[in-house]
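Structural features, examined
Listed below are the residues making up each chain.
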Amino acid sequence: GTAEAAVFTVADTLQSDYERGRVLKTAAGGRPLPAASIARIIDAAGRMQSDYERAGVLTLLVRHQTLDAAQRAAYRRAAEAMHSRYEQDRALAALARSEGR
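An account of the accompanying structure is given in this report. (Residues numbered from 1 in each chain as written. Predicted model: local features only at pLDDT ≥ 70, side-chain atom pairs only at ≥ 80, totals over all residues. Heavy atoms only, no water.)

**As for the pattern of salt bridges**
One pass over the full model with this rule turns up nine salt bridges. Of the charged contacts, one joins Arg-47 and Asp-12 as a salt bridge, the two residues approaching to 3.6 Å between their closest N and O atoms. Taken together, the residues Arg-47 in the loop between helix H3 (35-46) and helix H4 (51-64) and Asp-12 in helix H1 (residues 2-13) connect sequence positions 35 residues apart. Ionic pairing is found between Arg-90 and Glu-87, a salt bridge with its closest N-O pair at 2.7 Å. In this pair, Arg-90 and Glu-87 are both assigned in helix H6 (residues 85-99), three residues apart and thus about one turn of the helix distant. Connected through salt bridges with shared partners, the residues Asp-12, Arg-40, Asp-43 and Arg-47 form a single ionic network. (Salt bridge = Lys/Arg side-chain N within 4 Å of Asp/Glu carboxyl O. Helix = DSSP H or I, 4+ residues; strand = E, 2+ residues; numbered from the N terminus.)

What follows is the structure, given as structure tokens:
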């Protein structure tokens, strides 16, 4: 609730993708999140310039959260927008592994 809103407010103010990634990874890991929080993490990750940090957030997210069809599509778009083929493949492979759960 309020704590999650504060996390996203802080993440949006950070200029460094590294620091933003740390905040988003903290939010993504652990307990199950509501759909709106998962969507916000995917959106925030999709706006990161660093493909390494973006892939790190996305892969951690699918390790700890269950995504619905719309979230999977948004995740796929965020991953496919990366310039680094390696990081893109890493994120998409994590999504494929999560579909087998």
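**Comments concerning the packing of helix H5 (residues 69-80) against H6**
Running from N to C, H5 and H6 point in directions that differ by 160°, and their axes come no closer than 8 Å. In terms of axis orientation, H5 runs roughly antiparallel to H6. Here Arg-72, Tyr-75, Arg-76, Ala-79 and Glu-80 of H5 lie close against H6, whose contacting residues are Gln-88, Ala-91, Leu-92, Ala-94, Leu-95, Ser-98 and Glu-99. Looking at the contact of H5 with H6 residue by residue, the class counts come to six nonpolar, two polar and four charged. (Axes fitted to C-alpha atoms, helices over the stretch in contact; angles between N-to-C directions. Parallel < 35°, antiparallel > 145°, perpendicular 65-115°, else oblique. Contact = heavy atoms within 4.5 Å. Nonpolar A, V, L, I, M, F, W, Y, C, P; charged D, E, K, R; others polar.)

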